[in-house]
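Here are the chains, one letter per residue:
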Amino acid sequence: MDNTIKHEGIVERIENGIAYVKIIQHSACSGCHVKAACTIADQQEKIIETVCSGYDIKTGDRVFIVGNETMSRKALKLAIIYPFFCLFGILCIAYAFSVNELLSGILSIIALIPYYTVLYFRKSKLRKDFIFTLEKE
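Here the structure, examined in full by the defined rule, presents eight salt bridges. Of the charged contacts, one joins glutamate 12 and lysine 22 as a salt bridge, the two residues approaching to 3.7 Å between their closest N and O atoms. Of the two residues, glutamate 12 sits in strand β1 (residues 4-15) while lysine 22 sits in strand β2 (residues 18-26), which places them ten residues apart along the sequence. Residue classification places glutamate 12 among the partly exposed positions, given a relative accessible area of 35%. Exposure remark for lysine 22: the relative accessible area of 25% places this residue in the partly exposed category.

Both the distance between ring centres and the angle between the ring planes are used here to describe each pair of aromatic rings. On inspection of all chains with the given rule, the structure shows four aromatic pairs. A centroid spacing of 5.5 Å and a plane angle of 65° characterise the contact between phenylalanine 84 and phenylalanine 85, whose relative ring orientation is edge-to-face. Residue classification places phenylalanine 85 among the exposed positions, given a relative accessible area of 54%. Considering the side-chain rings of tyrosine 120 and phenylalanine 121, the 5.4 Å spacing of their centres and the 75° angle between planes classify their relative orientation as edge-to-face. Of the aromatic side chains, those joined through ring pairs into one cluster are Phe84, Phe85 and Phe88. Against the face of phenylalanine 64 rests lysine 6, its NZ or CZ located 5.6 Å from the ring centre. Here the basic side chain of arginine 13 rests over the ring of tyrosine 20, its NZ or CZ set 3.9 Å away from the ring centre.

Rules used in this analysis
- Going along each chain's sequence as written, the residues are numbered from 1 onward.
- Totals for whole chains, interfaces and linings use every residue, but because this is a predicted model, local features are given only for residues with pLDDT of at least 70 and side-chain atom pairs only at 80 or more, for both listing and counting.
- As a convention, hydrogens and water are excluded, and side-chain values are obtained from all of the structure's heavy atoms.
- The salt bridge criterion pairs a side-chain nitrogen of Lys or Arg with a carboxyl oxygen of Asp or Glu, the two atoms within 4 Å.
- Each helix is a run of H or I in the DSSP string that is no shorter than four residues. Each strand is a run of E no shorter than two, and both are numbered from the N terminus.
- Throughout, exposure labels follow a simple rule: accessible area from a 1.4 Å probe, protein chains only, divided by the maximum for the residue type, with under 20% read as buried, over 50% as exposed, and the rest as partly exposed.
- Aromatic rings from Phe, Tyr and Trp, taking only the six-membered ring of Trp, are treated as a pair when their centres fall within 6.5 Å; an angle between ring planes under 30 degrees marks them as stacked, one over 60 as edge-to-face, and anything in between as tilted.
- Consider the ring centre and the ring normal. A charge sits over the ring if Lys NZ or Arg CZ is within 6 Å of that centre and within 35 degrees of that normal.

Given below as structure tokens:
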């Protein structure tokens, strides 16, 4: 069982041993055979930073960005699961103490501000946890 996730990309630039690789992220439906007729097919370009030691790469080379499955699970938890439980928990608590649904909803959304603020200030540590590697094509 392969525990890695690979995305094909093109090296945009290399600075100080860091390669900036452009990948195209597709939505789930963009691989569909009728995507030309559908308005929700989506793709987005992203630039991924990765250490390029050990390979002789240059700008324009096709490479694979490789991450492990554990990293993707951690990203899913940080970006979606933990905020959902925070939002839902605060919503239930606020609604239990207040009958006003609007106020409970607003408080639960405001409660996410500290969560994302903490993530923002810990981004240098998170960057160390989410390390992608390169593989030549």
